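# Structure assessment
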Amino acid sequence: AYDVGARTFDSAFLQHEWQILPSLNAVYGARYDDDSVGGSHLSFQAGGIWTLSPLARLRANFAQGYKAPDDRSLYVDQVNPQGVPMLGAEVINPDQGKTSAHSLDPESSDTFEIGLAGGAATWDYGVTLFHTSVTDRIETVREGSGQLTYNTFRNISEARIQGVETEGSISLTPSLRARAAFTRFNAENRETGDPLLNTPETLASLTLDYNRADWLLQTIVSYAGEQDYSGRNGTETAAGYTLVHLKA
């Protein structure tokens, strides 16, 4: 019903760093991507850091992104854990209700960030505000009718992801350091006004590092907030969950 065929990727990246002033550093560059499926694209990035003091470094950045459709969104043919068929854009499966293939365009994005960071030997912090506009975002959608419904992938005209990210660490003892991070997202499908699927509203983590002799012991507690997904009954909401990792 579909032909995966051969796929090739080529890319080139050029970046330059300029120390404009002792306290002002700029970095800028460009990347060229060529994908036999998604075509070619030129992306730009530019940013700078202004060091006001060791306790305050002001950072600003602009970056363009590019993402060609991956093999999963094009060719997946399986049933997900909720019992819903997942059929890629190129897949034709009349038994599941998908009788024709459709094309996917690459995603492109523009991201603006501004942040403040600093610290000393025993502690540090960082706060970042970000705003991303995505054109032709590839999103999971429900299609079909009656008993023959399935999930596939389509381009939505525009999406927006914005929010705030905070992080920090502190030395509790010479051998023990605690690190914490928190991110709050506002992700919206600008075409419908609905939240983006598979995108949690909140991410948070707490890490304890214990260094002694030649050993590093690490405990990580991470939390992902609730998020919408495409289930058997349409758009459903998955509850948040917490993971605990122990590493040595």
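Please refer to the structure placed before this passage.
First, a word on scope: everything that follows refers to the structure included in this document.

Reading the values: the criteria
- Residues numbered from 1 in each chain as written.
- Predicted model: local features only at pLDDT ≥ 70, side-chain atom pairs only at ≥ 80, totals over all residues.
- Heavy atoms only, no water.
- Helix = DSSP H or I, 4+ residues; strand = E, 2+ residues; numbered from the N terminus.
- Buried < 20%, exposed > 50% of the residue type's maximum accessible area, 1.4 Å probe, protein only.
- Contact = heavy atoms within 4.5 Å.
- Phe/Tyr/Trp six-rings, centres within 6.5 Å; stacked < 30°, edge-to-face > 60°.
- Patch = residues over 30% accessible without salt bridge, like charges linked within 9 Å, V, L, I, M, F, W, Y side chains within 5 Å.
- Areas by Shrake-Rupley, 256 points an atom, 1.4 Å probe, with all protein chains shown as cover.
- Salt bridge = Lys/Arg side-chain N within 4 Å of Asp/Glu carboxyl O.
- Polar contact = N/O pair within 3.5 Å; in protein donor to acceptor, adjacent residues only side chain to side chain.

The subject of this paragraph is the environment of leucine 197. Locating leucine 197 in the fold gives a position in the loop between β10 (176–189) and β11 (202–212). On the accessibility criterion, leucine 197 (10% relative accessible area) is buried. Along the backbone, leucine 197 and alanine 178 are 19 residues apart, and their C-alpha atoms lie at a distance of 32 Å. Excluding residues within four positions of it along the chain, leucine 197 makes contact with Arg137, Glu139, Thr140, Asp228, Tyr229, Ser230 and Thr235.

This brings us to the environment of glutamate 236. Inspection of the secondary structure assignment puts glutamate 236 in strand β14 (residues 234–238). Separated by 39 residues in the primary sequence, glutamate 236 and leucine 197 have C-alpha atoms spaced 9.4 Å apart. Not counting residues up to four positions away in its chain, the partners in contact with glutamate 236 are Gln227, Asp228, Tyr229 and Gly231.

Let us now look at the packing of aromatic side chains. For the structure shown, the criterion picks out three aromatic pairs. Look at phenylalanine 62 and phenylalanine 112: their rings are 5.0 Å apart centre to centre, the planes differ by 40°, and that puts the pair in the tilted class. Placement of phenylalanine 62 in strand β4 (residues 56–67) and of phenylalanine 112 in strand β7 (residues 107–119) is noted, with a sequence separation of 50 residues between them. Its relative accessible area of 25% is what places phenylalanine 62 among the partly exposed residues. With centroids separated by 6.2 Å and ring planes inclined at 20°, the aromatic side chains of tryptophan 123 and tyrosine 125 adopt a geometry described as stacked.

Within the secondary structure, alanine 30 sits in strand β2 (residues 24–35). Every residue in contact with alanine 30, bar those within four places of it in the chain, is listed here: Ala12, Phe13, Leu14, Leu42, Ser43 and Phe44.

Attention now moves to a nonpolar patch on the surface. On the surface, Trp50, Leu52, Leu58, Ile114, Leu116 and Leu129 cluster together into a nonpolar patch covering about 540 Å² of accessible area. When contributions to the nonpolar patch are tallied by element, the ones reaching two or more residues are β3 (39–53) and β7. For leucine 129, the location among the structural elements is in strand β8 (residues 123–145). For leucine 129, a relative accessible area of 48% corresponds to the partly exposed category.

A separate point is the side chain of asparagine 151. Along the chain, asparagine 151 falls in strand β9 (residues 148–173). Look at asparagine 151 and you get buried, because its relative accessible area is 1%. Of note is the side chain of asparagine 151, whose polar atom sits 2.8 Å from the side chain of arginine 142. Discounting residues that sit within four places of it in the chain, asparagine 151 has contacts with Asn80, Val84, Pro85, Met86, Leu87, Thr140, Val141, Arg142 and Ser230.

What follows deals with unusual backbone geometry. Here the phi dihedral of aspartate 136 falls at roughly 60°; this positive angle occurs in a residue that is not glycine. Relative to the assigned elements, aspartate 136 resides in strand β8. Positive phi, close to 55°, is recorded for alanine 213, a residue that is not glycine. Relative to the helices and strands, alanine 213 is located in the loop between β11 and β12 (215–224).

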